[in-house]
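Residue-level listing of the chains:
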Amino acid sequence: DERTLLSVFETIPKVEISKATYEGLEGVSELFSNATTGIAFKSKGEARRMIQGGGSSVNKQKIDNNEREVDFELLHGKYFLIKRSKKYYYLVKVI
């Protein structure tokens, strides 16, 4: 349930984005940098390099294309989990 999800990820950084922003994104590198206000990646270039290097995922699904469509299944209809490198996680809430 949602309460369990939030308690498991209680200590990781969190950010909220609007549903309109989420649906209007051109690619995953924009999501990782601009839409999440730089919380996961400081810039679009940094996001692109990490994606090309195979070091990022969303909801445990490896991201290998910078321009991949942003159509991830939202956990509990409003969350997704970004993983950067081997140990950095970020929870994003779509409101």
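Residues numbered from 1 in each chain as written. Predicted model: local features only at pLDDT ≥ 70, side-chain atom pairs only at ≥ 80, totals over all residues. Heavy atoms only, no water.

Draft legend 1. Representation of the nonpolar core in the model. Within the largest apolar cluster, 22 residues are counted, with the highest numbers of intra-cluster contacts made by Tyr22, Leu31, Phe32, Phe72, Phe80 and Ile82. Listed by contribution, the elements that provide at least two residues to this core are β1 (14-17), α3 (28-35), α4 (44-52), β4 (79-84) and β5 (88-94). Of the residues forming this core, the biggest block, four residues, is contributed by α3. Judged by nonpolar contacts, the second largest core, of six residues, contains Leu5, Phe9, Leu81 and Leu91. (Core = buried A, V, L, I, M, F, W, Y, C linked by side-chain atoms within 4.5 Å. Buried < 20%, exposed > 50% of the residue type's maximum accessible area, 1.4 Å probe, protein only. Helix = DSSP H or I, 4+ residues; strand = E, 2+ residues; numbered from the N terminus.)

Draft legend 2. Looking closely at the pairing of β5. With four bridges joining them, β1 and β5 adopt parallel strand pairing. Residue pairing in the sheet places glutamate 16 in a bridge with lysine 93 of β5. Pairing analysis gives six bridges linking β4 to β5, with the strands arranged antiparallel. When the sheet's bridge partners are listed, arginine 84 is paired in β5 with tyrosine 88. Between β4 and β5, which pair antiparallel one after the other, the connecting turn spans three residues, and serine 85 there sits at a positive phi close to 65°. (Pairing = 2+ DSSP bridges.)

Draft legend 3. Quick look at the pairing of β4. Summarising burial for β4: five of the six residues are buried, a large majority. Where strand β2 (residues 56-58) and β4 come together, three bridges link them in antiparallel fashion. Paired with valine 58 across the two strands is isoleucine 82, which belongs to β4.

Draft legend 4. The side chain of arginine 84, seen in detail. You can see arginine 84 is positioned in strand β4. Arginine 84 gets classed as buried once you look at its relative accessible area, which sits at 16%. Here the side chain of arginine 84 touches alanine 40 through a polar contact of 3.5 Å, landing on its backbone oxygen. A distance of 3.1 Å separates the side chain of arginine 84 from the side chain of tyrosine 90, its partner in a polar contact. (Polar contact = N/O pair within 3.5 Å; in protein donor to acceptor, adjacent residues only side chain to side chain.)

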